[in-house]
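As a plain string of letters, each chain reads:
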Amino acid sequence: MNAQSPEINLEAFWSLTYGLCVITSHLEGKLNGQIVNSVIQVTAEPSRIAVSISKNNFTHDYIAQSGVFAVSVLEESTPMTFIGLFGFKSGRDTDKLSQVSYKNGFTGCPLVTENTLSLFEAKVIGQVDVGTHTLFIADVVHAEVLRQGNPLTYAYYQQIKKGKTPKNASTYQQRAPIGETEKQGKNMAQYRCTICGYLYDPTRGDPDNGVPPGTPFEELPEDWVCPVCGAPKEEFIIES
Ligand code: FE
């Protein structure tokens, strides 16, 4: 027997595979959607899927109240601006569906057709409170293939699209030459949003959002977000 208590190495979770999807729902004539990486098929007979959604998200309340949702399985070539729209902006202040192509589903949910390989519509048959999230379990009532292609996996999104490398990887230092800039006494480096590609130039600042020219990236308020896609500061990397 092992006398030590078991450990949870978070890196073990990184090897789980997921696909990125847009989940949409509707409520009282309003439409909303968000990105998730948590759609799974749970049974084949009947066709049944499940999705885990944060209780903080607007879409969570839509699904909880309407009892329906739709899934658009994204393709690998999905642009970062699209991911930023659904992944980093809230439906509380953005009408996301007005900015993309969709068709109306049988359930009343909008079916996002842009960057989509296949579509599902589902009716919730049960839900489990799992703490920060709710796991919605649902019967598929409509499934459709729009086009052939490679689905966008979470691993591809992290490694290729965002260009992020785990901190223990051998390439990490090359990708984050922040120390060099600090050594030279310069803090006017440009930073690029890894979600949408927006470049923050400190000589210009972000006047639309109250940041005057000459503001180093490091001195931006912690709650400053990408003016294009709404991603937080942590999603920016130094432009080398
Ligand atoms: Fe951005």
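### Thoughts on unusual backbone geometry
Following Glu45, the chain continues to Pro46 via a peptide bond in cis, the omega torsion being 0°. Relative to the helices and strands, Pro46 is located in the loop between strand S3 (39-43) and strand S4 (48-54). Even without being glycine, Glu28 reaches a positive phi, approximately 50°. For Glu28, the location among the structural elements is in the loop between strand S1 (21-27) and strand S2 (30-36). On the basis of relative accessibility, which here comes to 67%, the residue Glu28 falls in the exposed class. A positive phi is found at Asn115, a non-glycine position, where the angle reads about 60°. The residue Asn115 is located in the loop between strand S7 (110-112) and strand S8 (116-129) in this model. On the basis of relative accessibility, which here comes to 14%, the residue Asn115 falls in the buried class.

### Observations concerning helix H1 (residues 58-66)
Taken as a whole, H1 has its buried residues at Thr59, His60, Tyr62 and Ile63. Buried residues along H1 cover an arc of 165° about the axis, so they all sit on one side. Contacts from the buried residues of H1 go to S1, S2, S4, strand S5 (68-74), S8 and strand S9 (133-145). Gly67 occupies a position one or two residues after H1 and carries a positive phi of about 75°.

### Examining the confidence of the model for the chain
With 88% of its residues at a pLDDT of 70 or more, the chain has an overall mean of 87. Here residues 165-184 is modelled with pLDDT under 50, and outside its nearest four sequence neighbours on either side it reaches 15 contacts, counting other chains as well.

### Focus on the sheet that holds S9
Ordered in space as S2-S1-S5-S8-S9-S4-S3, the 7 strands form an open sheet in which the pairing is antiparallel. Looking at which strands have only one partner, the edges of the open sheet turn out to be S2 and S3. In this sheet, neighbouring strand axes are inclined to one another by 35° on average, regardless of whether the strands run parallel or antiparallel. Pairing geometry for S1 and S2, over 7 bridges, is antiparallel. Looking at the pairing, Cys21 lines up with Val36 of S2.

Calculation notes
- Residues numbered from 1 in each chain as written.
- Predicted model: local features only at pLDDT ≥ 70, side-chain atom pairs only at ≥ 80, totals over all residues.
- Heavy atoms only, no water.
- Helix = DSSP H or I, 4+ residues; strand = E, 2+ residues; numbered from the N terminus.
- Buried < 20%, exposed > 50% of the residue type's maximum accessible area, 1.4 Å probe, protein only.
- Arc of directions from axis to C-beta.
- Contact = heavy atoms within 4.5 Å.
- pLDDT = per-residue confidence, 0-100.
- Pairing = 2+ DSSP bridges.
- Axes fitted to C-alpha atoms, helices over the stretch in contact; angles between N-to-C directions.

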